[in-house]
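Listed below are the residues making up each chain.
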Amino acid sequence: MDKQNALPQYAEVAVPLGVRQTFTYRLSPILSDAVRIGARVRVAFGKQRVTGYVVALHDDLDQELGIDQQDVREIEELIDIEPLITAEVLELTRWISDYYIAPWGEVLKAALPAGVNARIARVFAVTTEGRDELARLPESRALTLKAKLLRLLADQGPMTARELARALGTQRVARIAAELERAGWISIKHQAERATARAKRRKFVRLAPLEEHVAPDAARALTAAQKRIIETLIAAEGELTFTELVERARASASVVSTLERKGIVRVEVREVRRDPLAGVELSSPDELALTPAQREALERITAALDQQRYAAFLLHGITGSGKTEIYIRAMRACLERGRSALMLVPEIALTPIFSRRLRAHFGDRVAILHSSLSAGERFDEWMRVRRGEARVVIGTRSALFAPVAELGLIVVDEEHDPSYRQQESPFYHARDAAVMRAHKANAIALLGSATPALESFHNAQTGKYCYLHLPERIGQRPLAEAEIIDMRSVFARCGRADAFSDELLQALSETFARREQAIILLNRRGYANFVLCRACGERIGCPHCDVTLTYHKRERALVCHYCNFRRRPPARCPSCGSEYLYFVGEGTEQLEDLLRTHFPSARIARLDRDTTSRRRVYEQTILRFAAHEIDLLVGTQMIAKGHDFPRVTLVGIVSVDAGLALPDFRAAERTFQLITQVAGRAGRGDAPGRVLIQTYHPDHYAIRFACAQDYVGFYQHEIEFRRAFEYPPFVALASILVQDEELGSSMKRADELKRALDRANHSGCCRILGPAPAPISRLRGRHRMQILIKARRRADLRAVLAAAMAETEDPKLWLDGTCIEIDPVNLL
């Protein structure tokens, strides 16, 4: 066989284990003809078996790497005959791995929906010696766990550890199995467990054509039950599911089987789609007249689509200016040109309304992808995209990896939102990765926001993005009038620190009297911020994190919002024994209770992570609020963006002061964005809107510019701080967190990494700050030391990091407990 047609002998495999390199494995003669790039495989890695991803195939070993053939292990199992990872998604994950210095295997794992990734399981089987031992086993030992396990394997055949544990009702399977293996009575092998999510199959029954009946007079000898089956099928236009048929006809399954043998009915098993929007009533799509600014923006986007070349647009439109209508029309234009569209939203909270609008416009061509779906729904939607049945995809951050064919448009709504940043390994920013995916696919990237990230607006100002501006609301509606309420004056007037000012309470009363709706925002969940001892000043904190515990009244628990540690509130101070414990501050739970007291006849609901822990609760609450079944919505930032409620005329912002105090250079930007976004929920209908902002810092520039809803003014003010103190967008930034359960160990390792970085930075092209304790110095039981690296040129930052990693004597310093974040959005 000539070399050009030779089958590959080796595969390059990425494993999801926190290592940044790939590994070479040998292909058996059978697999060399079957394995393809993008397929999942089972491989031995050290002493464990893991699922890996084939990223390249080779005819022979790379001699320059000095790999000895004897050291190369063989791939043990091919999991996918048809690769799940497409070539386009594989290339995107490679870029993410390279740009964010993230393990490629972890990025590939994140690219597949939960339920699709296979796990490696140990499979137990009884040996011949084990069967002989069972036969010799005296009756007195027949009920021991060892005997039960042997008997189960002999009767049922090979089983996984999970199956054995479930059958025996004990978690001691691993220890017992190890003893039986040493005795030679069972064997243990490893194999990939298939996806937990699979296509759903249902049994259908339908009437067969008359000519297929076994006997021409088959209908003459029918029983009453058989006749009911046939009559039920006729009434249902000839077909029903098996279960529904026997229920409606009040007949047994054997009746259907008899009719099948006679050839009167056919029984078939078919795949059934689990549709996330099944049974949802869709309103007819509105054909709205575009404003001149909308028309101009859409024309520029469609002109770029016609060129079939990459282009990136920043759609900067004030709240209520009709950005969503631009998204939908751009998607329609994309479909008309034979290409597909992908829309990202920052939170699951925004998918109910958006997905309904898209389904109303594009029908079954829309697929929904986010983590709140069941594993089965997510699998079905993902497979529809993979097969090309769905050409419009909407979802949260992970939908970036949807296997969309012929991608022509990527919309990133609320592009400023920090939720697009993955806050655990692999670290990546979905907005920036979406721009790169569009670039690689010769597609259009459309980033939309009323409050763009400073980096995005800077890119538009410097020509990296095309700038589109929507300066007016639809129907020439005015922006809501915003007022600042100085809570220092309220305290001086009332002599106490109340959650609500008289002005806000009066405004709420007037709003309800007009039968209008209101939103109250406080970006802190729980009932009270923390518990304080008035005798000794002790604050009850989390034993695993350097934070105080938040009191949740409904649960009667103190909760850590970082590691989820929970405990009952103590009756006395754990430090001094005093009984004078004080619950300090307010959260959304307390605001809800106070508002119910003030307005007992108002219909009030709360939306935060506590109330939406159950699936579909958020969606139901939002839809009820949209239908005016709720008068007042209290919540955290999840209610602040993207929603259009025409009857909302009042927004009350109880406090944003805590956000301004965070030790993060983006604190002012986030506060400005939060206020502006939630203010934009008011006055979107015919009635004018009003926004009341309670604060103890009325002169802060972020609050003043947000009150005026002046984005450009805020940008010009904030960008000078970034320039002066060398923060993005004027520098490339990297954060290195060193974490360890022992403080001394974390400090030592951080010092070693700092020395390696200093040696690599011999030219002084980077500024290296630290190591120093992170703002939250202990999290989930691990002490955290932080190093920041700044560079004017991104290439210098990457070069210094690469050189430091290469010359470090112990490579584990960069792996175990060390997190590298490129372009971090949160420095806490």
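Below is a short write-up of the structure.

Here we look at the pattern of salt bridges
When the charged atoms of two side chains with opposite charge come close together, those side chains can pair. This structure, assessed with the given rule, holds 55 salt bridges. Between Glu-268 and Arg-206 there is a salt bridge, and its shortest N-O distance comes to 3.0 Å. Of this pair, Glu-268 sits in strand S11 (residues 265–272) while Arg-206 sits in strand S9 (residues 200–207); the two residues are 62 residues apart in sequence, bridging distant segments of the chain. Given a relative accessible area of 25%, Glu-268 falls into the partly exposed group. Residue class for Arg-206 comes out partly exposed when judged on its relative accessible area of 22%. In this structure, the salt-bridge partner of Glu-389 is Arg-387, at a minimum N-O distance of 2.7 Å. Bridged by salt links that share partners, the residues Lys-553, Arg-554, Glu-589, Glu-592, Asp-593, Arg-596, Arg-606 and Asp-608 form one connected network.

Looking at helix H11 (residues 292–307)
Taking 1.5 Å per residue as the helical rise, H11 with its 16 residues ought to reach 22 Å, and the 23 Å between its terminal C-alpha atoms agrees with that figure. For H11, the set of buried residues is Gln-294, Ala-297, Leu-298, Ile-301, Thr-302, Ala-304 and Leu-305. When H11 is viewed along its axis, its buried side chains cluster within an angular range of 155 degrees and face the same direction. Within H11, the exposed residues directed more than 90 degrees away from the buried face are Pro-292 and Glu-299. If you follow the buried residues of H11, they end up packed against strand S12 (311–317), helix H12 (323–336), strand S16 (407–413), strand S17 (444–449) and strand S18 (466–470). Positive phi appears at Gln-308, one or two residues downstream of H11, with a value of about 55 degrees.

Observations regarding the sheet that holds strand S29 (residues 690–695)
Sheet architecture is open: six strands sit in the order S19-S29-S28-S20-S27-S26, paired in parallel fashion. Every interior strand has two partners, whereas the edge strands, strand S19 (481–486) and strand S26 (604–607), have only one. Ignoring strand direction, the axes of neighbouring strands in this sheet form an average angle of 15 degrees. Alignment of strand S28 (residues 648–655) against S29, held across four bridges, turns out to be parallel. Note that in S29 the partner of Ile-653 across the bridge is Ile-693. Across the sheet, helix H19 (residues 588–598) lies against strand S20 (517–522), S26, strand S27 (632–635) and S28, angled at about 175 degrees from S26, the strand it touches most.

Notes on the pairing of strand S30 (residues 732–740)
Counting buried positions along S30 yields nine of nine residues, so the element is predominantly enclosed. On S30, burial covers both faces: Ala-732, Ala-734, Ile-736, Val-738 and Asp-740 on one face and Leu-733, Ser-735, Leu-737 and Gln-739 on the other are all buried. Relative to strand S32 (residues 782–791), S30 runs antiparallel, the two being bridged by nine bridges. Paired with Ser-735 across the two strands is Leu-788, which belongs to S32. Taken together, the five bridges between S30 and strand S33 (residues 818–822) define a ladder with antiparallel strand orientation. Within S33, the position partnered with Val-738 by the bridge is Thr-818.

As for the environment of Asp-810
Mapping Asp-810 onto the fold places it in the loop between helix H26 (794–807) and S33. Here Asp-810 falls in the partly exposed class, since its relative accessible area comes to 39%. Considered as a pair, Asp-810 and Glu-752 are 58 residues apart in the sequence and their alpha carbons are 9.9 Å apart.

Quick look at the sheet that holds strand S24 (residues 566–567)
Spatially, the three strands line up as an open sheet ordered S22-S23-S24, and their pairing is antiparallel. Since the sheet does not close on itself, it has two edges, and those belong to strand S22 (550–552) and S24, each with one partner. The sheet contact formed by S22 and strand S23 (residues 557–559) spans three bridges and is antiparallel. Bridge assignment links Tyr-551 to a residue of S23, and that residue is Leu-558.

Digging into helix H5 (residues 145–156)
In this model H5 runs 16 Å from its N-terminal to its C-terminal C-alpha over 12 residues, within 8% of the 16 Å that 1.5 Å per residue would give. Taken as a whole, H5 has its buried residues at Ala-147, Leu-149, Leu-150, Leu-152, Leu-153 and Ala-154. Among the residues trailing H5, Gly-157 stands out with phi positive, at a value near 90 degrees.

Describing the packing of H12 against helix H13 (residues 351–362)
The N-to-C vectors of H12 and H13 enclose an angle of 40 degrees; their axes lie 11 Å apart at closest approach. Between H12 and H13, the interaxial angle falls into the category oblique. Note that H12 runs across H13; the crossing there is right-handed. Contacts between H12 and H13 involve Thr-324, Glu-325, Ile-328, Met-331, Arg-332 and Leu-335 on the former and, on the latter, Phe-354, Arg-357, Leu-358, His-361 and Phe-362. A breakdown of the residues in the contact of H12 with H13 according to their chemical character gives six nonpolar, two polar and three charged.

A word on unusual backbone geometry
Residue Pro-426 is reached from Ser-425 by a cis peptide bond, and omega for that bond is 5 degrees. Of note, Pro-426 is situated in the loop between S16 and helix H15 (430–440). Looking along the chain, the bond that leaves Pro-728 and enters Pro-729 is cis, with omega of 15 degrees. Despite not being glycine, Asp-823 has its phi angle at roughly 55 degrees, a positive value. A relative accessible area of 16% means that Asp-823 is categorised as buried.

A closer look at the packing of helix H8 (residues 224–235) against helix H10 (residues 253–261)
Packed helix pairs are characterised by how far apart their axes lie and by the angle those axes make with each other. Contact geometry of H8 with H10 gives a least axis separation of 10 Å together with a crossing angle of 80 degrees. The angle between H8 and H10 places the two elements in the roughly perpendicular class. Within the contact between the two elements, H8 uses Ala-225, Gln-226, Ile-229 and Ile-230 and H10 uses Val-255, Val-256, Thr-258 and Leu-259. A class-by-class count of the residues in the contact of H8 with H10 yields six nonpolar, two polar and no charged.

Structural notes on the nonpolar core
Counting residues in each nonpolar core, the largest one holds 118 residues, and the members touching the most others are Ile-96, Leu-400, Ile-736, Leu-757, Ile-789 and Leu-801. Those residues in contact with Ile-736, other than ones at most four positions away along the chain, are Leu-753, Leu-757, Met-785, Gln-786, Ile-787, Ile-789, Leu-801, Trp-814, Thr-818, Cys-819 and Ile-820. Among the nonpolar cores identified, the runner-up in size contains 36 residues, and Leu-305, Met-331, Phe-354 and Leu-373 belong to it.

Regarding the environment of Pro-570
Topologically, Pro-570 is positioned in the loop between S24 and strand S25 (581–584). For Pro-570, a relative accessible area of 17% translates into the label buried. Once the C-alpha coordinates of Pro-570 and Gln-739 are considered, the two residues, 169 residues apart in sequence, prove to be 31 Å apart.

A look at the packing of aromatic side chains
This model, assessed by the stated rule, comprises 18 aromatic pairs. Here Phe-401 and Tyr-428 contribute two aromatic rings whose centre-to-centre distance is 5.6 Å and whose plane-to-plane angle is 70 degrees, an arrangement assigned as edge-to-face. With Phe-401 in the loop between strand S15 (392–395) and S16 and Tyr-428 in the loop between S16 and H15, the pair connects residues that are 27 residues apart, well separated along the chain. For Phe-401, a relative accessible area of 2% gives the class buried. Measuring from ring centre to ring centre gives 4.4 Å for Phe-672 and Phe-714, while their planes differ by 0 degrees; the resulting arrangement is stacked. Here the residue Phe-672 occupies a position in helix H22 (residues 667–679), and Phe-714 occupies one in helix H24 (residues 711–725), the gap between them amounting to 42 residues. An aromatic cluster is built from Phe-457, Tyr-467, Phe-672, Tyr-701, Tyr-711, Phe-714, Tyr-715 and Phe-721, whose rings are joined through pairwise contacts. Cation over ring: Arg-539 sits above Phe-530, and NZ or CZ is 5.6 Å from the ring centre. Seen from the ring of Tyr-727, Lys-790 lies directly overhead, with NZ or CZ sitting 3.8 Å from the centre.

Some remarks on the pairing of strand S31 (residues 766–779)
Pairing analysis gives eight bridges linking S31 to S32, with the strands arranged antiparallel. Residue pairing for S32: Arg-767 is matched across the bridge by Lys-790. Hairpin connection of S31 to S32: two residues between the antiparallel strands, including Arg-780 at a positive phi of 55 degrees.

Definitions and limits used
- Here the residue numbering is sequential within each chain, running from 1 through the sequence in written order.
- It should be noted that, the model being predicted, local features are given only for residues of pLDDT at least 70 and side-chain atom pairs only at 80 or more, the latter also being counted only at that level, while totals for whole chains, interfaces and linings use all residues.
- Remark: hydrogens and water are excluded; side-chain values derive from all non-hydrogen atoms of the structure.
- Salt bridge criterion: a side-chain nitrogen from Lys or Arg within 4 Å of a carboxyl oxygen from Asp or Glu.
- The way it works is that DSSP assigns letters per residue, a run of H or I at least four long becomes a helix, a run of E at least two long becomes a strand, and they are numbered from the N terminus.
- Remark: exposure states derive from per-residue accessible area (1.4 Å probe, protein chains only) relative to the maximum for the residue type, with buried under 20%, exposed over 50%, and partly exposed in between.
- In a helix, the anticipated span is given by 1.5 Å times the number of residues less one.
- Directions from the helix axis toward the C-beta atoms define the arc.
- In what follows, a contact means two residues having at least one pair of non-hydrogen atoms within 4.5 Å.
- Strand pairing is assigned whenever DSSP detects at least two bridges linking the two strands.
- Angular values range over 0 to 180 degrees, each being the angle between N-to-C directions of two axes fitted as lines to C-alpha atoms, with helices fitted over their stretch in contact.
- To sort the angles, those under 35 degrees are grouped as roughly parallel, those over 145 as roughly antiparallel, those from 65 to 115 as roughly perpendicular, and the leftovers as oblique.
- Handedness of a crossing follows from how the near helix is turned relative to the far one, being left-handed for an anticlockwise turn of less than a right angle and right-handed for a clockwise one.
- Residues were grouped as follows: Ala, Val, Leu, Ile, Met, Phe, Trp, Tyr, Cys and Pro as nonpolar; Asp, Glu, Lys and Arg as charged; and all remaining residues, including Gly, as polar.
- Buried Ala, Val, Leu, Ile, Met, Phe, Trp, Tyr and Cys residues form a nonpolar core when they are joined through side-chain atoms within 4.5 Å.
- Note on ring pairs: Phe, Tyr and Trp rings are taken, using the six-membered ring of Trp, and paired if centres are within 6.5 Å. Classes follow the plane angle, with under 30 degrees stacked, over 60 edge-to-face and the rest tilted.
- In this scheme, Lys NZ or Arg CZ marks a charge over a ring once it lies within 6 Å of the ring centre and within 35 degrees of the ring normal.

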